[in-house]
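Reading the structure
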Amino acid sequence: PVASAKFTTSGGLITGVEVQLYRWNGSNYVKIDDLSGFKRLVSTFKAGFSKTNGGDFETTLKIGEDNKITGVFNGNEKDEKNSVRNPPFTVSEARALVVYYVIGSASYRLELR
């Protein structure tokens, strides 16, 4: 699948992301509405950004019961050193916006600069 990301804002900060997946049907890309198969296969599903002054941040994407794929940048995810993994950010702070996922040993990445 090919990912399409819409980063959402609140108060001038990017605070979330909504992702849609598309597949090639032989003549054009069509949105994947039933994500049950993808959900069973994917082992990692994240979105994030690289800051212009260094550092990469990411949020874990979740597939809801409504088949919507979402993630938040609100500072609630921490790493093993208790550092925030998903702070809200401004567009000017971001060098690149990224969506990536892993199925088996293959990784797929969409990077927007």
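One structure accompanies this document, and this report is about it. Because the structure is a prediction, the values reported are computed rather than measured.

Notes on the sheet that holds strand E9 (residues 106-112)
The strand order across the open sheet formed by four strands is E5-E4-E8-E9, and the pairing between neighbours is antiparallel. The strands lining the two open edges of the sheet, one partner per strand, are strand E5 (56-60) and E9. Put simply, the sheet's adjacent strands are angled 20° from each other on average, direction ignored.

Some details on the pattern of salt bridges
For side chains bearing opposite charge, pairing can occur when the charged atoms are close. The tally for this structure, following the rule as stated, stands at six salt bridges. A salt bridge links Asp 33 to Lys 31, with the nearest nitrogen and oxygen atoms 3.5 Å apart. Classification of Lys 31 by relative accessible area gives partly exposed; the value is 42%. Sharing partners across several salt bridges, the network here consists of Lys 46, Glu 58 and Arg 85.

A word on the nonpolar core
If you look at the biggest cluster of nonpolar residues, it comprises 22 residues, and the most contacted ones within it are Val 19, Leu 21, Phe 45, Leu 61 and Ile 69. Of all the secondary-structure elements, those providing two or more residues to this core are strand E1 (2-10), strand E2 (13-24), strand E4 (42-51) and strand E8 (94-103). Contacts of Ile 69, omitting those with residues within four sequence positions, involve Val 17, Glu 18, Val 19, Leu 21, Leu 35, Phe 45, Leu 61, Lys 62 and Ile 63.

Regarding the packing of aromatic side chains
Here the distance between the centres and the angle between the planes together describe a pair of aromatic rings. Evaluated as defined, the whole model comprises ten aromatic pairs. Pairing Phe 49 with Phe 57 gives two aromatic rings, centres 5.3 Å apart and planes at 25°, and the pair type is stacked. Of the residues examined, Phe 49 reaches a relative accessible area of 2% and is grouped as buried. Overall, the relative accessible area of 21% leaves Phe 57 in the partly exposed class. Taking 3.5 Å as the distance between ring centres and 20° as the angle between the ring planes, the aromatic pair formed by Phe 49 and Phe 89 counts as stacked. In this pair, Phe 49 sits in strand E4 while Phe 89 sits in the loop between strand E7 (69-72) and E8, placing the two residues 40 residues apart along the sequence. The same class applies to Phe 49 as to Phe 89, namely buried. Here the aromatic residues Phe 7, Phe 49, Phe 57, Phe 73 and Phe 89 are joined through ring pairs into a cluster of three or more.

Procedures and definitions
Along each chain, residues carry numbers from 1 onward, in the same order as the chain's sequence is written. Given that this is a predicted model, residues contribute local features only at a pLDDT of at least 70 and side-chain atom pairs are listed and counted only at 80 or more, while totals for whole chains, interfaces and linings are drawn from all residues. Side-chain metrics in this entry use all non-hydrogen atoms of the structure; hydrogen atoms and water are not considered. By definition, two strands form a pair when at least two bridges between them are found by DSSP. The helix count covers DSSP runs of H or I at least four residues long, the strand count covers runs of E at least two residues long, and both are numbered beginning at the N terminus. All axes are obtained by fitting lines to C-alpha atoms, using only the stretch in contact for helices, and the reported angles, taken between N-to-C directions, cover 0 to 180 degrees. Whenever Lys or Arg places a side-chain nitrogen within 4 Å of a carboxyl oxygen from Asp or Glu, that contact is recorded as a salt bridge. Whether a residue is buried, partly exposed or exposed follows from its accessible area with a 1.4 Å probe, protein chains only, as a fraction of its type maximum: under 20%, in between, or over 50%, in that order. Joining through side-chain atoms within 4.5 Å is the link that ties buried Ala, Val, Leu, Ile, Met, Phe, Trp, Tyr and Cys residues into a set, and such a set is a nonpolar core. Contacts were defined at the residue level, with two residues in contact if any of their heavy atoms lie within 4.5 Å. Two rings from Phe, Tyr or Trp (for Trp, the six-membered ring) form a pair when their centres are within 6.5 Å of each other. A pair whose planes differ by under 30 degrees is stacked, one over 60 is edge-to-face, and the rest are tilted.

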